[in-house]
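Given next are the chains, with one letter for each unit.
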Amino acid sequence: MLAIVARLGVAGFALYCAWSLGVFAILGAAWLAAIRGEGWGRIGLFTGGRLLREAASDLLPFSQIGGIIISTRMLTAAGIGRWRVYASQIADTTTELASQLLFTLYGFGFVGVMLVGTRHLAAVRGPALAALAALVAIVALLVAAQRWMLPIAGGIARHLLPGATGATAEIDAELRATYARRGRVLLSFALNLLGWVASAGGAWVALRLMGIACPIATVLAIESLIFTLRSVAFAVPGGIGVQEAGYALIAPLLGLPLESAMALALAKRARDIAIAVPTLILWQLAEARAVTRRA
């Protein structure tokens, strides 16, 4: 991994990390757009929350759920109501996955055009359609959970856990109020889509910094499919192994040599560590200060 950083150069690696931090600002804005009652002056807080969510998902062993819990704790500690934060997490995740589905369709269309009439198309058709179907199922389940499962959960809680009834009712009310602001929901969707494209664009930047030429349209298509594989394999912390296998399978078919694809995969891992480790350390210091104040 140090060899990859050396190949990028210190300045190049710093530029790649800076690009990624800019992407987190976009994703923080998408989350902020999905919450009620918060102005754009708090963009820094939501960017930090989005950074923390991703850092925990990349490095800590409990994957995506842990990142959501930790980032929720960060926002509630900043004085935002917990039901509002929970509802905004659900709304932001929904618009994020919906925008990813659109970006994934671009990748599938590009692959279809590039490989039509070749023997490689049959090799990738099955796994690709399975990944797309899984992503569609995840989005559908998330939407169904918001429309039908929360009221059902509230009914069950009313009989089994009386103290939890208010929680589901509060979250359901917040979600309804959130989705009533359709302009902000659409803005969250658009910003999340921009975040997917910008994140994929970062891969093209990394390749260029390593002296590897590849058309940006091709890189966007490759990244859209890699993102899909990582989302489907959400239970694997950081998508370890899944991301690398995806590059090995997909990139050579679209004209990016295997060696270059693996170099990109390692560059992304190095960037993840360089960003996630300081983020988690700063979070731990903030938690320690909070404990000291309470004591």
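Notes on the structure follow. Given the structure is predicted, the values throughout are model-derived calculations rather than measurements.

Describing the overall build of the chain
Then comes step 1: Within the chain, the regular secondary structure consists of eleven helices and zero strands.
Then comes step 2: Listing the helices and strands of the chain from first to last along the sequence gives α-α-α-α-α-α-α-α-α-α-α.
Then comes step 3: The buried share of the chain, reckoned over its 295 residues, is 47%.
Then comes step 4: Taking the intrachain contacts of the chain between residues at least 6 apart in sequence as the baseline, contacts between residues at least 24 apart amount to 72%.
Then comes step 5: When the accessible surface of the chain is summed, it comes to about 13900 Å², and 73% of that surface belongs to carbon and sulfur atoms.

Section: the packing of aromatic side chains
Then comes step 1: Within this structure, the stated rule accounts for six aromatic pairs.
Then comes step 2: Centroid distance W31 to F46: 5.4 Å. Interplanar angle 90°. Geometry classified as edge-to-face. A residue pair is termed long-range when its members are at least 10 positions apart, and W31 in helix 2 (residues 10–33) and F46 in helix 3 (residues 43–59) qualify at 15 residues.
Then comes step 3: Given a relative accessible area of 0%, W31 falls into the buried group.
Then comes step 4: Judged by centre distance (6.4 Å) and plane angle (40°), the ring pair of F103 and F227 falls under tilted. Of the two residues, F103 is situated in helix 5 (residues 82–115) and F227 in helix 9 (residues 216–232); the sequence distance between them amounts to 124 residues.
Then comes step 5: Residue F103 is classed as buried on the basis of its relative accessible area of 5%.

Side note on the pattern of salt bridges
Then comes step 1: Within this structure, the stated rule accounts for twelve salt bridges.
Then comes step 2: With a closest N to O distance of 3.1 Å, E38 and R42 form a salt bridge.
Then comes step 3: For E38, a relative accessible area of 16% translates into the label buried.
Then comes step 4: Where R50 meets E54, a salt bridge forms, and the shortest distance between an N and an O atom there is 3.1 Å. Taken together, the residues R50 and E54, both in helix 3 and four residues apart, mark about one turn of the helix.
Then comes step 5: Because the salt bridges share partners, they merge into one network encompassing R50, R53, E54, D92 and E96.

Remarks on the environment of C17
Then comes step 1: If you trace the backbone, C17 turns up in helix 2.
Then comes step 2: Those residues in contact with C17 that sit more than four places away from it in its chain are R271, A274 and I275.

A closer look at the side chain of T72
Then comes step 1: Inspection of the secondary structure assignment puts T72 in helix 4 (residues 63–77).
Then comes step 2: The class for T72 is buried, based on a relative accessible area of 6%.
Then comes step 3: Apart from the residues within four sequence positions on either side, T72 is in contact with V85, Y86 and Q89.

Here's the deal with the nonpolar core
Note that soluble globular proteins tend to have their nonpolar side chains buried in a common cluster.
Then comes step 1: The biggest cluster of nonpolar side chains holds 40 residues, and the ones touching the most others in it are L207, M210, I222, Y247, L254 and L256.
Then comes step 2: Sorting the residues of this core by element identifies helix 1 (2–8), helix 2, helix 5, helix 8 (182–209), helix 9, helix 10 (242–250) and helix 11 (258–294) as the ones contributing at least two each.
Then comes step 3: Sort the elements by how many residues they give to this core and helix 2 lands first, with nine residues.
Then comes step 4: Apart from residues lying up to four places away in sequence, Y247 is in contact with I222, E223, I226, P252, A261, M262, L264, A265 and K268.
Then comes step 5: Membership of the second largest hydrophobic core comes to eight residues, among which are I35, F46, L75 and V85.

Quick word on helix 10
Then comes step 1: Here helix 10 has its buried residues at Q243, G246, Y247 and I250. The buried side chains of helix 10 occupy one side of the element, clustering within an arc of 100° when seen end-on.
Then comes step 2: Taken together, the buried residues of helix 10 touch helix 9 and helix 11.

Details of the environment of L186
Then comes step 1: Looking at where L186 falls in the secondary structure, it is placed in helix 8.
Then comes step 2: Expressed as a C-alpha distance, the spacing of L186 and A30, which sit 156 residues apart in the sequence, is 9.6 Å.

Focus: helix 3
Then comes step 1: Compared with an ideal rise of 1.5 Å per residue, which puts 17 residues at 24 Å, helix 3 spans 24 Å between its outermost C-alpha atoms and is within 8% of the ideal.
Then comes step 2: Across the 17 residues that make up helix 3, a large majority, 13, are buried.

Conventions we followed
Starting afresh in each chain, residues are numbered from 1 along the sequence in its written order. Local features are withheld for residues below a pLDDT of 70 in this predicted model, meaning they are given only at 70 or higher, and side-chain atom pairs are given and counted only at 80 or more; totals for whole chains, interfaces and linings count all residues. By convention in this description, side-chain values take in all heavy atoms of the structure and omit both hydrogens and water. Going along the chain from the N terminus, every DSSP run of H or I of four or more residues is numbered as a helix, and every run of E of two or more is numbered as a strand. The buried label goes to any residue with under 20% of its type's maximum accessible area, the exposed label to any with over 50%, and the partly exposed label to all in between, with areas taken from a 1.4 Å probe on protein chains only. Contacts are assigned to residue pairs with any non-hydrogen atoms lying within 4.5 Å of each other. Only the protein chains shown count as cover for residues, and the accessible areas themselves come from Shrake-Rupley with a 1.4 Å probe. Each pair of aromatic rings taken from Phe, Tyr and Trp, with Trp reduced to its six-membered ring, is defined by centres within 6.5 Å and is described as stacked if the planes are under 30 degrees apart, edge-to-face if over 60, and tilted in the remaining cases. What makes a salt bridge here is a side-chain nitrogen of Lys or Arg within 4 Å of a carboxyl oxygen of Asp or Glu, nothing more. For this analysis, a nonpolar core means a set of buried residues of the types Ala, Val, Leu, Ile, Met, Phe, Trp, Tyr and Cys, connected via side-chain atoms within 4.5 Å. An arc is given here, and it is the one of the directions from the helix axis to the C-beta atoms. The span expected for a helix works out to 1.5 Å for each residue beyond the first.

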